[in-house]
Amino acid sequence: MQVWRENVIETLRDIADTDAQEAAWVRRVGRPISEPVELGCELFDDSDLGNRLSAGPVFSNECDALLRRLGLLFETLPLGGPPASVLVSAEWREIVALARASLECIRKGQSH
């Protein structure tokens, strides 16, 4: 698997894992997880996913649509507060749900 794809999947897992986020951001235990704004940068900038989505198909039409919606949320929602506060916000729950859906969509595509 290409490194950028591995990075996308790993970051989606971090975004989808609210138990690990709660441990890292609130209780300060377990493995470190980047804060919400940084997770968005890791997913779309560091992996170059944002540019790839702009250039054309990446995973599948369905997966790409989910990822574009996720990117729009990262761009527009207020995620710069304390991570513990972001974790319980409705906005973050929406992002988590889209990350989980995106991850599942990608996994389905890989199993074919």
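The residue count restarts for each chain, going from 1 along the sequence in the order it is written. For this predicted model, a pLDDT threshold of at least 70 governs which residues receive local features, and a threshold of 80 or more governs which side-chain atom pairs are given and counted, while totals over whole chains, interfaces and linings are taken from all residues. No hydrogens and no water enter the side-chain calculation; it runs on all heavy atoms of the structure.

## Some remarks on the pattern of salt bridges
Here's step 1: We define a salt bridge as a side-chain nitrogen of Lys or Arg found within 4 Å of a carboxyl oxygen belonging to Asp or Glu. Enumeration over the complete set of coordinates arrives at two salt bridges.
Here's step 2: Here Arg31 makes a salt bridge to Asp14, at a shortest N to O gap of 2.9 Å. You can see Arg31 sitting in the loop between α2 (18–27) and α3 (36–46) and its partner Asp14 sitting in helix α1 (residues 3–16), a full 17 residues away along the chain.
Here's step 3: Under the relative-accessibility criterion, Arg31 is labelled partly exposed at 42%.
Here's step 4: Buried, partly exposed and exposed residues are distinguished by accessible area as a fraction of the type maximum, computed with a 1.4 Å probe on protein chains only: under 20%, between the cut-offs, and over 50%, respectively. On the basis of relative accessible area, Asp14 is assigned to the buried category, the value being 9%. Going along the chain from the N terminus, every DSSP run of H or I of four or more residues is numbered as a helix, and every run of E of two or more is numbered as a strand.

## Structural notes on the state of the cysteines
Here's step 1: Put simply, a disulfide is two cysteine sulfurs that come within 2.5 Å. Summed over the entire model, instances satisfying the criterion amount to one disulfide.
Here's step 2: Here Cys63 engages in a disulfide with Cys105; their sulfurs sit 2.1 Å apart. With the S-S bond torsion at -100°, the cross-link from Cys63 to Cys105 turns out left-handed. Taken together, the residues Cys63 in helix α5 (residues 61–76) and Cys105 in helix α7 (residues 90–110) connect sequence positions 42 residues apart. Side by side, Cys63 and Cys105 carry an identical accessibility label, which is buried.

## Looking at the nonpolar core
Within soluble globular proteins, side chains that are nonpolar generally end up buried alongside one another.
Here's step 1: In this structure, Leu12, Leu49, Leu70, Trp92 and Ile95 are the most contacted members of the largest nonpolar core, which totals 34 residues.
Here's step 2: Those elements that provide at least two residues to this core are α1, α2, α3, α4 (49–55), α5, α6 (83–87) and α7.
Here's step 3: It is α7 that contributes the most residues to this core, eight residues altogether.
Here's step 4: By definition in these notes, contact holds between two residues if any of their heavy atoms fall within 4.5 Å. When sequence neighbours within four positions are dropped, the list of residues in contact with Ile95 reads Ile15, Leu70, Leu73, Phe74, Leu77 and Leu79. For this analysis, a nonpolar core means a set of buried residues of the types Ala, Val, Leu, Ile, Met, Phe, Trp, Tyr and Cys, connected via side-chain atoms within 4.5 Å.

## Regarding the packing of aromatic side chains
Here's step 1: Two rings from Phe, Tyr or Trp (for Trp, the six-membered ring) form a pair when their centres are within 6.5 Å of each other. A pair whose planes differ by under 30 degrees is stacked, one over 60 is edge-to-face, and the rest are tilted. Evaluated as defined, the whole model comprises four aromatic pairs.
Here's step 2: Members of the aromatic cluster, each reached through a chain of ring pairs, are Trp25, Phe44, Phe74 and Trp92.

## Examining the layout of surface pockets
Here's step 1: Each pocket or cavity is described by its volume, and for the largest pocket that value is around 240 Å³.
Here's step 2: Both cavities and pockets are sets of points on a 1 Å grid over the protein atoms alone; in a cavity a 1.4 Å probe fits but cannot get out, in a pocket the set is open with protein on both sides within 12 Å along at least five of seven lines, and lining residues sit with an atom within 4 Å of a point. Around the largest pocket, the lining comprises 15 residues; the ones closest to its centre are Gly40, Phe44, Gly71, Phe74 and Glu75.
Here's step 3: Of all the secondary structure elements, the ones that give two or more residues to the lining of the largest pocket are α3, α4 and α5.
Here's step 4: Sort the elements by how many residues they give to the lining of the largest pocket and α5 lands first, with six residues. Grid points are joined across faces, edges and corners, and a volume is the space filled by probe spheres set on the points.

## Regarding the packing of α1 against α7
Each pair of packed helices gets described by two things: the angle between the helix axes and the distance between those axes.
Here's step 1: At a closest axis distance of 8 Å, the pairing of α1 and α7 adopts a crossing angle of 140°. As far as their axial angle goes, α7 and α1 are oblique. Judged by the sense of rotation from one axis to the other, the crossing of α1 with α7 is left-handed. Two secondary-structure elements touch here, α1 through Ile9, Leu12, Arg13, Ile15 and Ala16 and α7 through Trp92, Ile95, Val96, Ala99, Arg100, Ser102, Leu103, Ile106, Arg107 and Gln110.
Here's step 2: All amino acids are sorted into three groups, where Ala, Val, Leu, Ile, Met, Phe, Trp, Tyr, Cys and Pro are nonpolar, Asp, Glu, Lys and Arg are charged, and the leftover types, Gly among them, are polar. Here the residues of the contact of α1 with α7 are counted per class, giving ten nonpolar, two polar and three charged. Here, axes are lines fitted to C-alpha atoms. For helices the fit covers the stretch in contact, and angles between N-to-C directions go from 0 to 180 degrees. Oblique is the label for any angle not under 35 degrees, not over 145, and not in the 65 to 115 range, which are roughly parallel, roughly antiparallel and roughly perpendicular in turn. Left-handed is the label given to a crossing in which the near helix is rotated counterclockwise from the far helix by less than a right angle, and right-handed is the label when the rotation is clockwise.

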